[in-house]
Amino acid sequence: MLVVKDLKASVDSTKILKGINLEVKAGEVHAIMGPNGSGKSTFASVLAGREEYEITGGSATFYGEDLLDLSPEDRARKGLFLAFQYPIEIPGVNTTNFLRTSLNEVRKFNGQEPLNGADFLKLMKEKMKVIEIDKSLTKRSVNEGFSGGEKKKSEIFQMAMLEPKLCILDETDSGLDIDALRVVADGVNRLRNKDNATVIITHYQRLLDYIVPDFVHIIYDGRIVKSGDKSLALTLEERGYDWIKEEFGEMTEA
Amino acid sequence: MSNEREIIQEVTDREYKYGFVTEIESELAPKGLTEDTIHFISNKKNEPEWLLEWRLKAFRHWQTLKEAPKWAHVKYSEIDFQDIIYYAAPKKKPELESLDEVDPELLKMYDKLGISLDEQKKLSGVAVDVVMDSVSVKTTFTKKLKELGIIFCSFSDAVHEYPELVKQYLGTVVPYTDNFYATLNSAVFSDGSFCYIPKGVRCPMELSTYFRINEANTGQFERTLLIADEDAYVSYLEGCTAPMRDENQLHAAVVELVAHKGAEIKYSTVQNWYPGNKDGIGGIYNFVTKRGICKGDYSKISWTQVETGSAITWKYPSVILLGDHSVGEFYSVAVTNNYQQADTGTKMLHIGKNTMSTIISKGISGGFSNNSYRGLVRIGKNAHNARNFSQCDSLLLGDRCGAHTFPYIETSNKSAVVEHEATTSKVGEDQIFYCNQRGLDTEQAIGLIVNGYCKEVMKQLPMEFAVEAQKLLSISLEGSVG
């Protein structure tokens, strides 16, 4: 589904990604972990098409198509979803209307008829059950005045509505209490199937107690320095990131 | 962030969509303004002597005014008032029963605008009095309104059919001495709409008028007079688009509203005159005087405006709160783009006791435009317990435009409470990217964000108008993105 080869990116001529390699197949869950400033969120932003990052090398393909050549909205329409670390408030724009516009844009792009009001509300009701989101959230303006937990739940709810192929969760666990974390994790687990894939970007191992990854990658200084199965996350939990820094710090300086 | 600038530039560089001219023959007055011009207009319209006299008084007063007011935050080269044609009317004055008889050119024009009369008629009970240049071409639904005793007709017809009413109210809210452009309008006004709602009648449909300038070099001087008698209610819609022109066109309308005891008038406007091209050449000069008086106790006047057009907008729909417990409201969205300039706002003049006013103003500026809010809240010495709440927000697209706020507050009564809030914000790259990530292109994103920003005002508009206005807001900021 997603093949990233030697991807390099910088912002304001500071190199942040220094050659990322990653392959994600349908049905898989990948966790990308790493210390602060290692390039985790940049990687997510670059995949989603944030234009402040300059791609300086490498490639990324999505179902064989050059991902980096697509506009951010086309990436979204083709099934790439980014759950934001800091979801943005859009005052005055009703969440339900926003979602309907969004879903119908995605449908239109994929040659489907737009959903009418009744069908849309029916779908929304179904998905609300899956995600256990409070109905009142959908009546409010997009993310406006939402608590941290509400924002993250709303992101997962939008994900459920859009049924993307590749879900990238950027630090979705940050700022969540244990109950909210469980709701978000349950939602993600229920949305998993053999046709979609999930990339979880996180600093802590905690979320991985709830969403069990098939692969864990450690990103450090703009590169994936170590990959393994879920036990790698536990090792990290025990030994912290210093171990990585010691082992790989010198190599990347060189 | 140069990228943000590029996006915003692309989005804000858009051409006026309704730039076309319809070929309908017109009868023109000779260029320039003298007493002869006034006689010509009055004669053309077969007016009674008293109205000619009133026009002449206005004209003579206008001659004593040395120059147009200069206090607004707008710049333009001086207007040569002798280089303007003051009257144009379609040659044939059709009297039509059905749409089949309407000039096909005109119908085509409405099709292009997406407001074909055909659709309009079917729309949920909207009566349309279409002003084509200066003479009313078509009045619909008049018969039904007549049954309720509601008068809704062209100003000229009212002069002939209801002279006493016109005489009683004309110039009582905006006297001919009011200001330079109102005086000019009083001298040369061509036509407009007249509306009277009798005691206790709730007008069952939204009354609407589409104005249109269609004659090159013709200033348009509309005059609207709307009276709601005791306990009457009316919602009035005014919307306009104008064809593309290279030379500046002057538009100086006057609107007068009178609300008697317990009456309510809701007046909504969507203004989309030609704003000039993206280099700031051409466009309409829109110098309008709109004012209402809450004459009786417990009366209410509410202005809602969505202003997206015109090269220059100079407009302050105001309310004189004379009756005790009367209410004045002003809800405004003003969009300026490219080199447009807007200086708009309101005046709330509290005279009666327990009077209340609300001002919600949303200014949106893009390109190199300048957008100013100018408002006056005056509490008279007898206006005990008067209340005002004002909120003036500005939204900037890009960093080359300007937003300005000039609030004036004058209180002569200690029991008054006046509140003023103001904010300035920018459409963020983050908001746009968030929308992009959900499958919306940048144009849609900006349309959505701007409409959300204006929601408080948009929700004041009648339903069918709100849809049109939302589209207009998006179109106004549309570019060639994607």
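Residues numbered from 1 in each chain as written. Chains lettered and ligands numbered in written order. Predicted model: local features only at pLDDT ≥ 70, side-chain atom pairs only at ≥ 80, totals over all residues. Heavy atoms only, no water.

As for the overall build of chain A
Stage number 1. Looking only at helices and strands, chain A has nine helices and 12 strands in total.
Stage number 2. Compactness check: chain A gives a C-alpha radius of gyration of 18 Å against a globular reference of 18 Å for 254 residues, within 12% of the reference.
Stage number 3. Over its C-alpha atoms, taken along the principal directions, chain A stretches across nearly 60 × 40 × 35 Å.
Stage number 4. Taking the contacts inside chain A whose residues are at least 6 apart along the sequence as the reference set, 69% of them involve residues at least 24 apart. (Helix = DSSP H or I, 4+ residues; strand = E, 2+ residues; numbered from the N terminus. Rg over C-alpha atoms; globule rule 2.2 N^0.38 Å. Contact = heavy atoms within 4.5 Å.)

Thoughts on the interface of chain A and chain B
Stage number 1. Taken together, the contact between chain A and chain B spans 30 residues of the former and 20 residues of the latter.
Stage number 2. Interface area for chain A against chain B, summed over the two sides, is near 2,200 Å², with a carbon-plus-sulfur share of 60%.
Stage number 3. Among the residues chain A hides against chain B, the three largest losses belong to Arg50(A), Glu73(A) and Ile88(A). Together they make up 24% of the total.
Stage number 4. Linking chain A to chain B there are two salt bridges.
Stage number 5. Viewed at the interface, chain B and chain A are joined by 13 residue pairs in polar contact (both at pLDDT 80 or more).
Stage number 6. When residues of the side of chain A that touches chain B are traced back to their parent elements, those giving at least two are helix H2 (72–77), strand S6 (80–83), strand S7 (90–94), helix H3 (95–109) and helix H6 (148–162) of chain A.
Stage number 7. The biggest single contributor to the side of chain A that touches chain B is H3(A), with five residues.
Stage number 8. Looking at the side of chain A that touches chain B residue by residue, the class counts come to 16 nonpolar, six polar and eight charged. (Buried area = accessible area lost by both parts, 1.4 Å probe. Salt bridge = Lys/Arg side-chain N within 4 Å of Asp/Glu carboxyl O. Polar contact = N/O pair within 3.5 Å; in protein donor to acceptor, adjacent residues only side chain to side chain. Nonpolar A, V, L, I, M, F, W, Y, C, P; charged D, E, K, R; others polar.)

Observations regarding the packing of helix H2 (residues 35–44) of chain B against helix H3 (residues 49–64) of chain B
Residue and element names in this part refer to chain B.
Stage number 1. It is at 10 Å that the axes of H2 and H3 come closest, and there the two elements cross at 155°. By the angle class used here, H2 and H3 are roughly antiparallel. Judged by the sense of rotation from one axis to the other, the crossing of H2 with H3 is right-handed. Of the residues in H3, those in contact with Glu-35, Ile-38, His-39, Ile-41 and Ser-42 of H2 are Leu-52, Arg-55, Leu-56, Phe-59 and Arg-60. (Axes fitted to C-alpha atoms, helices over the stretch in contact; angles between N-to-C directions. Parallel < 35°, antiparallel > 145°, perpendicular 65-115°, else oblique. Left-handed = near helix turned anticlockwise from the far one by under 90°.)

So, the packing of aromatic side chains
Residues and elements named next belong to chain B.
Stage number 1. Taken as a whole, this structure holds 27 aromatic pairs over all chains when the rule is applied.
Stage number 2. Judged by centre distance (5.7 Å) and plane angle (45°), the rings of Trp-71 and Tyr-316 are tilted. Here Tyr-316 lies in the loop between strand S15 (312–315) and strand S16 (318–321) and Trp-71 lies in the loop between H3 and strand S2 (88–90), a separation of 245 residues in the sequence.
Stage number 3. Through successive ring pairs, a cluster of aromatic residues spans Phe-59, Trp-62, Trp-71, Tyr-76, Phe-81, Phe-180, Tyr-181, Tyr-285, Phe-287, Trp-314 and Tyr-316.
Stage number 4. The ring of Phe-189 is capped by Arg-223, whose NZ or CZ atom sits 5.8 Å from the centre of that ring.
Stage number 5. Sitting above the plane of the Tyr-453 ring, Lys-362 keeps its charged end 4.9 Å from the centroid. (Phe/Tyr/Trp six-rings, centres within 6.5 Å; stacked < 30°, edge-to-face > 60°. Lys NZ or Arg CZ within 6 Å of the ring centre and 35° of its normal.)

Digging into the environment of Tyr339(B)
Residues and elements named next belong to chain B.
Stage number 1. Relative to the assigned elements, Tyr-339 resides in the loop between strand S17 (327–336) and strand S18 (341–350).
Stage number 2. Residue classification places Tyr-339 among the partly exposed positions, given a relative accessible area of 42%.
Stage number 3. Separated by 58 residues in sequence, Tyr-339 and Ile-281 place their C-alpha atoms 8.6 Å apart.
Stage number 4. If we ignore the near neighbours within four places in the chain, the residues touching Tyr-339 are Lys-278, Asp-279, Gly-280, Ala-311, Phe-368 and Ser-369. (Buried < 20%, exposed > 50% of the residue type's maximum accessible area, 1.4 Å probe, protein only.)

What about H3(A)?
Residue and element names in this part refer to chain A.
Stage number 1. Its 15 residues place the ends of H3 21 Å apart at the C-alpha level, agreeing with the 21 Å of an ideal helix rising 1.5 Å per residue.
Stage number 2. Within H3, the full set of buried residues consists of Thr-95, Thr-96, Phe-98, Leu-99, Ser-102, Leu-103, Asn-104, Glu-105, Val-106 and Arg-107.
Stage number 3. With a side-chain oxygen lying 2.8 Å from the backbone nitrogen of Thr-96, the N-terminal cap of H3 falls on Asn-94. (Expected span 1.5 Å × (residues − 1).)

A look at the sheet that holds strand S12 (residues 223–228) of chain A
Residue and element names in this part refer to chain A.
Stage number 1. Read from one edge of the open sheet, six strands run S6-S9-S10-S3-S11-S12, paired in mixed fashion. Looking at which strands have only one partner, the edges of the open sheet turn out to be S6 and S12. Here the average twist between neighbouring strands, direction ignored, is 20°.
Stage number 2. When strand S9 (residues 166–170) meets strand S10 (residues 197–202), the two strands line up parallel, connected through five bridges. Each residue of the ladder has a partner; that of Ile-168, found in S10, is Val-199. (Pairing = 2+ DSSP bridges.)

Focus: the confidence of the model for chain B
Residues and elements named next belong to chain B.
Stage number 1. With 77% of its residues at a pLDDT of 70 or more, chain B shows a mean pLDDT of 81.
Stage number 2. Within the model, the stretch residues 118–127 combines pLDDT values under 50 with 23 contacts to residues more than four positions away or in other chains.
Stage number 3. Predicted as a complex, the structure gets a pTM of 0.80 and an ipTM equal to 0.95. (pLDDT = per-residue confidence, 0-100.)

Focus: the environment of Gly323(B)
All names here are of chain B.
Stage number 1. Mapped onto the secondary structure, Gly-323 falls in the loop between S16 and S17.
Stage number 2. A relative accessible area of 3% places Gly-323 in the buried class.
Stage number 3. Sequence spacing of Gly-323 and Cys-294 is 29 residues, and the spatial spacing of their C-alpha atoms is 5.9 Å.
Stage number 4. Once residues within four sequence positions are removed from consideration, Gly-323 is found in contact with Cys-294, Lys-295, Gly-296, Asp-297, Gly-352 and Thr-355.

Quick notes on a positive patch on the surface
Residues and elements named next belong to chain A.
Stage number 1. Positive charge collects at one region of the surface, where Lys-125, Lys-129, Lys-135 and Lys-139 lie side by side.
Stage number 2. Mapped by element, the contributors of at least two residues to the positive patch are helix H4 (117–131) and helix H5 (135–139).
Stage number 3. Note on placement: Lys-125 falls in helix H4. (Patch = residues over 30% accessible without salt bridge, like charges linked within 9 Å, V, L, I, M, F, W, Y side chains within 5 Å. Areas by Shrake-Rupley, 256 points an atom, 1.4 Å probe, with all protein chains shown as cover. Lys, Arg positive; Asp, Glu negative; His and termini not counted. Charge placed at Lys NZ, Arg CZ, Asp CG, Glu CD.)

A short note on the packing of H4(A) against helix H7 (residues 178–191) of chain A
Residue and element names in this part refer to chain A.
Stage number 1. At a minimum axis distance of 8 Å, the contact between H4 and H7 shows a crossing angle of 120°. Overall, the two elements H4 and H7 adopt an arrangement that is oblique. Residue-level contacts link Lys-129, Val-130 and Ile-131 of H4 to Val-183, Gly-187, Arg-190 and Leu-191 of H7.

Quick word on the side chain of Lys152(A)
Stage number 1. For Lys152(A), the position within the fold is in helix H6.
Stage number 2. Buried within the structure, Lys152(A) lacks any salt-bridge partner; Asp173(A) is the closest side chain of opposite charge, at an N-O distance of 6.4 Å.

Quick look at the state of the cysteines
Residues and elements named next belong to chain B.
Stage number 1. The final tally for this structure, using the stated rule, is zero disulfides over all chains.
Stage number 2. The thiol of Cys-454 is unpaired, and the distance to the nearest cysteine sulfur, on Cys-392, comes to 14 Å.
Stage number 3. Cys-454 sits in the buried class, given a relative accessible area of 0%. (Disulfide = S-S within 2.5 Å.)

A look at the environment of Leu473(B)
Residue and element names in this part refer to chain B.
Stage number 1. Along the chain, Leu-473 turns up in helix H13 (residues 463–476).
Stage number 2. Overall, Leu-473 belongs to the buried group, its relative accessible area being 1%.
Stage number 3. What Leu-473 contacts, discounting residues up to four positions off in sequence, is Val-306, Thr-308, Val-333, Val-335, Val-450, Asn-451, Cys-454 and Met-458.

Focus on unusual backbone geometry
Residues and elements named next belong to chain A.
Stage number 1. One non-glycine residue, Tyr-63, lies in positive phi territory at about 50°.
Stage number 2. Structurally, Tyr-63 is set in the loop between strand S4 (54–62) and strand S5 (65–66).
Stage number 3. Residue Tyr-63 is classed as partly exposed on the basis of its relative accessible area of 46%.
Stage number 4. Phi is positive for Asp-221, close to 50°, though the residue is something other than glycine.
Stage number 5. Looking at where Asp-221 falls in the secondary structure, it is placed in the loop between strand S11 (215–220) and S12.

Description of the pairing of S7(A)
All names here are of chain A.
Stage number 1. Most of S7 sits out of view: four of its five residues are buried.
Stage number 2. Note that S7 and strand S8 (residues 141–142) share two bridges and pair antiparallel. Among the inter-strand pairings, Ile-90 is bridged to a residue of S8, identified as Val-142.

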